[in-house]
Structure formats: C-alpha cells, structure tokens
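Report on the structure
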Amino acid sequence: MLKVTGLRKTYRSGAREVEALRDLTFTVENGELVCLVGPSGCGKTTLLRCIAGLLDPSGGTISLDGQPVQGPPPGLAMVFQEYGRSLFPWMTVRDNVELPLKQKKLPAARRASLVSSALSAVGLEGTESAYPWQLSGGMQQRVAIARAVAYEPSTLLMDEPFAAVDAQTRADLEDLVRALWQRLNVTVLFITHDIDEAVYLGQRVIMLSSSPTVVQDEITVDLPASRDQLHTRADARFTELRTHVYEQIQAAKRGAQSTVDS
Amino acid sequence: MKRVAYVLGLPVVLFAAWFLLSSGSESFYAPPLRTILASFADTWTLDRLRADVLPSLLRLAAGYAVAGVLGVAIGITIGLNRRVRATVEPVLEFFRALPPPVLVPIIMLFAGIGDSMKIIVIALGCVWPILLNTVEGVRAVDSIQIDTARAYGISGPSRIRQVILPAASPQIAAGLRQALSIAIILMVISEMFASSNGLGFTIVQFQRSFAIPEMWSGIILLGLLGFTLSLLFRLAEGRALRWYHGLREAQRRS
C-alpha cells in the first residue's frame, strides 16, 4: 500500500521560494490501478519523484508497504516519460532489462527467464539483441515497461509514459498496461495529463489542483473491469466520468487563475 | 575501392611531387627523395627497429596508459563532485596551460634521465585532455539516465561502471584522441633531451653526424608511425562506440 500524507515540496532558488506541492494526502491500496491527473505544470512529476525516493519532500510522509520512503524503495519500479533518455543506448534490449536484476544479485538462469518472460509480456520477442535506438518510440517504451515488469515490483510508477508516442501506439500501450496490471497483480500509479486516458485506465482517478498542488477531487471509475478502446470509450458512463474530471480540472485551473488575480 | 582512392589519392600525389621535384637536388640538406628512400631500407633494419623504435613505442604505451587511467579516474571523481570541481578546476586550468616540454628539465631533476622520466613526461603531458574531457563527459550525463539508475537501485561502483562511464565514453574518447598526438610529440621530445636510444634520439644523432638522408628517413618513419597509431585508434574507437555512432545516425534520420 502506498500512503502519501501531508506531502509538501518547496523549491528554493536564492531568496525566492516556489511552492510546488502544498498538501497532498492520498492512498493507493495494494493491487489498485490509480490515475493521477492534473493541469499541466501542477507538479505531477515532482510528486512522482518524491514517491520514487529521487527527491526529498519538504514536509509530510510517504510510506510504501509500511516502510517510510527515504531513498528509492526496493519494491518500486518506474517508467519515465522520456523513454529515449531512460533506456541506456550502449546496451542491447536484453542488457537494459537485465541490468536492474543483476543489481538485485539474482542468479543468471533466473535473470534470463525474467527477461524473456517480460519481453514476451510486452510483445517484444526477438528484439533481445537490438539496441533501443534501432526500435520505434512505442517499442522503446515497451522495453522500458519490460524492464519495470522484470524487476518484479510491488508498485509500478508511470510518469506520463505515453505522452510522446502517436495516438494509435498509445491506445495499444494503454491496453498493454491494463493487461499487465490484471495479470501481475501489481499496484499501479499512473500519472497523465490526458483525462480520457485517466478514466479509461484507472479504477480511481485522483485530480490534482494547479500548483501549489492539493488534491482537488477523487472519483471511483465504476466501469466494467474488462475494457476496450472501442466500447468503453463509447459508453455513456465513460462520457459522464470524463466530463466530471474535465470540469474539475477546469475548476482547478480557474482556481489558480483567481488566486493569481486576487 | 573508391574510399581507398580518396584516402590514398593526395598522399600519393604529394609523394610523387616530392620525388620529382627533389630528383635533381644538389642540396646537401635536402637530398633527393630517391636517396632518402634508399637509406630508409638500409637504416631501419630489424635490429634498429628493435633497438630504437621498440623502446620508444613501449615508453609511449606506458605513458599513454598511465595518463588514460589517471585521467579517467580523477576525471570521474571531479566530475561527480561539485565541491571538488569548484576547488580544483582553476588549478587544472593552470597546469593545462603549461606547455608539457617545459616540464622535461624539471622532471629530469627528480626522475633522472631513464625510462621513468620519459614515461612521466608523456603521462603528465597527455593526461590533461583526457582529464578535462572526462570531467565534461561525466557532468553532461543525462539526468534521466541517472534517475533511472537510482530508481532501480543501481548505485556506487556499479553505477559508475554501467552508467556514468559508458555515458561519458564518447567525450572520453575525444580526449584520448587528442592525447595520442600529444603523447607522440612528447615521446620524441623526451628522447631528444637525454637518451641513449629511441626514435627521437636517433634522429638527432643522424642530424649531428650529418647523416642527412638517414635523418629524413627517420622523420618519414615518425610520420608513418603517427598515422598508423591514429588509424588504430580510430578502428578501436569505432568498435567501442558503435552504439554511439548508431544512435547519432538514428537521431539524424528521425
């Protein structure tokens, strides 16, 4: 279980202080798929970096499976938006997926089986000895997902992972994330600025306000568990939910506007 | 085939021009190329290669290797640590600005005139481009790559070996390439000061004893040596950085 309580982050540059996160409290239960959505520039990435233990918060606590997060937690894997910069170009696909497992000191046979099952789970069999830059953007992001899956995390953080791929690839990758989540029984926290994506993917959607960020609203997505791009997106309930999220995000933006005006 | 013609074209033309223009030369100091080439075969026998060229090459290799190891190791330390960098960078700039040959007399005082002096001169002279390029390369490692390594628990020596070094390797290779030509220059210079063998020593000996065609043949040999070494370097670099050239190619296409 991921528990974020009263999280605060202010950046200091010289005498100026910028408040990025004001007060964030939410929980993600084990095995849940939760989407975080917010207006652009709302500190989503700051939040994710705090959860991943890459950034020290200014206040509040984060705990993962009961353990306070003080550095990168061992049971957590992350998929970055910038797949091209997050995969190591000097390593083949196999080596990229295998490197974190070597760090975990797993025996070679176990590593090999994890790598091949992760690559086949994301539909990339046969690309083991290619370099990432020889693959398309969507395939590179699949490699990054395979690396996260092979790591066998209890929690998977995804930071706008599909923001840089084309729409069709994106739809495929969304379905891939849902399929992997259902199969592997991991907790997924998925950050996006795309409202449709958040409603399509999540069991719950947490809406963030503009910076300085607080939780604006939260909804449970009561769509059936088996979703597909065609029917789910045409569902009346889907439209209702996305309208609600959209209104909340607009309200969040207006809220920011009025604080600026006043 | 066409590439070979491009590579060899101009050298062949220059050599032919030298051969033809110098063929009627009466000058004692600039003998015809024909004479120089004839003396080349007589001068650079296997015995001489073993006695003079081999020691030079061994000292070059030793000095270059010491510079490589020190430059990369210190460069990584400085590049990873902002405080160390702020402290040592001005001093580094000063030492880099010193022309390395000027160190030869000083190093002779401490290290004598043996092999170790020459190795130290070569190492001290060519460590700077390696060191400074490594610092730059390490500083420029993509923050997302560092974050990825951290998020997956890749830390300490393993992060340096698996992430920082490879990420900085194109820049380190650029430093090594610059250092190679400096190393060859210093190899010759260190042998001109005080030596009993080596290529630089032999060429100066020929000049002092007015063996002019032999002196010229030594210079040609030195040129060939430098050319061969840089060719070998490029081959090795192309192999080690194949991923980098492929990545650049892929980025250009997209």
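A brief structural summary. (Residues numbered from 1 in each chain as written. Chains lettered and ligands numbered in written order. Predicted model: local features only at pLDDT ≥ 70, side-chain atom pairs only at ≥ 80, totals over all residues. Heavy atoms only, no water.)

Tallying secondary structure elements over chain A gives nine helices and ten strands in all. In terms of C-alpha radius of gyration, chain A reaches 19 Å, essentially the compact-globule figure of 18 Å for 262 residues. Projecting the C-alpha coordinates of chain A onto the three principal axes gives extents of approximately 60 × 50 × 35 Å. Counting only contacts in chain A whose residues sit at least 6 apart along the sequence, the fraction spanning at least 24 positions is 70%. Within the structure as shown, chain A displays about 11,200 Å² of accessible surface, and the carbon and sulfur contribution to it stands at 49%. Taken as two groups, the 27 positive and 30 negative side-chain charges of chain A have centres that lie 6 Å from each other. (Helix = DSSP H or I, 4+ residues; strand = E, 2+ residues; numbered from the N terminus. Rg over C-alpha atoms; globule rule 2.2 N^0.38 Å. Contact = heavy atoms within 4.5 Å. Areas by Shrake-Rupley, 256 points an atom, 1.4 Å probe, with all protein chains shown as cover. Lys, Arg positive; Asp, Glu negative; His and termini not counted. Charge placed at Lys NZ, Arg CZ, Asp CG, Glu CD.)

Assigned secondary structure in chain B consists of eleven helices and zero strands. N-terminal to C-terminal, the α/β element order of chain B is α-α-α-α-α-α-α-α-α-α-α. By principal-axis analysis of the C-alpha atoms, chain B measures approximately 75 × 55 × 30 Å. Among the 254 residues that make up chain B, the fraction classed as buried is 41%. Contacts in chain B between residues far apart in sequence, at least 24 positions, make up 75% of those at least 6 positions apart. Surface accessibility of chain B: about 14,200 Å² in total, with carbon and sulfur atoms responsible for 68%. Taken together, the 23 basic and 14 acidic charged side chains of chain B have centroids lying 9 Å from each other. (Buried < 20%, exposed > 50% of the residue type's maximum accessible area, 1.4 Å probe, protein only.)

Bringing the interface of chain B and chain A into the picture now. At the interface, 23 residues of chain B touch 25 residues of chain A. Taken over both partners, the interface formed by chain B and chain A buries close to 2,200 Å², and the fraction arising from carbon and sulfur atoms is 64%. For chain B, the biggest contributors to the area lost against chain A are B:Ile144, B:Tyr152 and B:Trp243; these three give 32% of the whole. On inspection of chain B and its partner chain A, the count reaches two salt bridges. (Buried area = accessible area lost by both parts, 1.4 Å probe. Salt bridge = Lys/Arg side-chain N within 4 Å of Asp/Glu carboxyl O.)

Time to look at the side chain of A:Lys9. Residue and element names in this part refer to chain A. Relative to the helices and strands, Lys9 is located in strand E1 (residues 2-13). Buried Lys9, no salt bridge; nearest opposite-charge side chain is Asp56, N-O distance 6.9 Å. Not counting the four nearest positions on each side in its chain, Lys9 is found in contact with Val18, Glu19, Ala20, Leu21, Thr46, Leu55, Asp56, Pro57 and Ser58.

Another aspect to go through is a nonpolar patch on the surface. Judged by side-chain polarity, B:Val4, B:Val7, B:Leu8 and B:Val12 come together as a nonpolar surface patch covering roughly 350 Å² of accessible area. Following the sequence through the fold, B:Val4 ends up in helix H1 (residues 2-22). (Patch = residues over 30% accessible without salt bridge, like charges linked within 9 Å, V, L, I, M, F, W, Y side chains within 5 Å.)

Our next topic: helix H6 (residues 115-139) of chain B. Under the 1.5 Å per step criterion, the end-to-end length of H6(B) is 36 Å for 25 residues, consistent within 8% with the ideal 36 Å. Among the 25 residues that make up H6(B), 18 are buried, leaving the element largely enclosed by the rest of the structure. (Expected span 1.5 Å × (residues − 1).)

Tallying each qualifying case throughout the model produces 25 salt bridges over all chains. The closest approach of N and O atoms between A:Glu240 and A:Arg237, which form a salt bridge, is 2.8 Å. Of the two residues, A:Glu240 and A:Arg237 both sit in helix H9 (residues 236-261), three residues apart, roughly one turn of that helix. Residue B:Asp115 pairs with B:Arg59 through a salt bridge whose shortest N-O separation is 2.8 Å. Of this pair, B:Asp115 sits in helix H6 while B:Arg59 sits in helix H3 (residues 46-80); the two residues are 56 residues apart in sequence, bridging distant segments of the chain. Exposure remark for B:Asp115: the relative accessible area of 45% places this residue in the partly exposed category. Accessibility expressed as a relative area gives 4% for B:Arg59, which makes it buried. Salt bridges linked by common partners bring A:Arg170, A:Glu174, A:Asp194, A:Asp196, A:Glu197, A:Arg233 and A:Arg242 together as one network.

Okay, the packing of aromatic side chains next. For any two aromatic rings, the description comes down to two numbers: the centre-to-centre distance and the angle of the planes. In total, this model carries twelve aromatic pairs over all chains according to the counting rule given. Aromatic side chains B:Phe15 and B:Trp18 sit 6.0 Å apart centroid to centroid with 75 degrees between the ring planes, which places their arrangement in the edge-to-face category. Taken together, the residues span about one helical turn, with B:Phe15 and B:Trp18 both in helix H1 at a distance of three residues. Using a relative accessible area of 36% as the deciding quantity, one classes B:Phe15 as partly exposed. Since its relative accessible area comes to 28%, B:Trp18 is described here as partly exposed. Judged by centre distance (6.4 Å) and plane angle (85 degrees), the rings of B:Trp44 and B:Phe206 are edge-to-face. Taken together, the residues B:Trp44 in the loop between helix H2 (33-43) and H3 and B:Phe206 in helix H9 (residues 199-208) connect sequence positions 162 residues apart. Residue classification places B:Phe206 among the buried positions, given a relative accessible area of 9%. Through a chain of ring-to-ring contacts, the aromatic side chains of A:Phe88, A:Trp90, B:Trp243 and B:Tyr244 assemble into a single cluster. Positioned over the ring face of A:Tyr151 is A:Lys104, at 4.5 Å from the centre of the ring. (Phe/Tyr/Trp six-rings, centres within 6.5 Å; stacked < 30°, edge-to-face > 60°. Lys NZ or Arg CZ within 6 Å of the ring centre and 35° of its normal.)

Assignment of secondary structure puts A:Glu98 in helix H3 (residues 93-103). Those residues in contact with A:Glu98, other than ones at most four positions away along the chain, are A:Arg111 and A:Val115.

So, about the pairing of strand E6 (residues 76-79) of chain A. Residues and elements named next belong to chain A. Side chains Leu76 and Met78 of E6 all project onto a buried face; the interleaved residues Ala77 and Val79 project onto the opposite face, where all are buried too. Here four bridges tie E6 to strand E7 (residues 155-159), and the two strands are oriented parallel to one another. Residue pairing for E7: Met78 is matched across the bridge by Leu157. (Pairing = 2+ DSSP bridges.)

Looking now at the sheet that holds strand E4 (residues 59-64) of chain A. All names here are of chain A. Pairing within the open sheet is mixed, and its ten strands lie in the order E5-E4-E1-E2-E10-E9-E3-E8-E7-E6. Only two strands of the sheet have a single neighbouring strand rather than two, namely strand E5 (67-68) and E6. Note: strand E2 (residues 16-28) against strand E10 (residues 213-220), two bridges, orientation parallel. In the sheet register, Leu21 faces E10, and the bridge partner there is Thr213. Most of the contacts of helix H5 (residues 137-150) go to E6, to which it runs at about 175 degrees, and overall it touches E6 and E7. (Axes fitted to C-alpha atoms, helices over the stretch in contact; angles between N-to-C directions.)

This is a description of form; function is not addressed.
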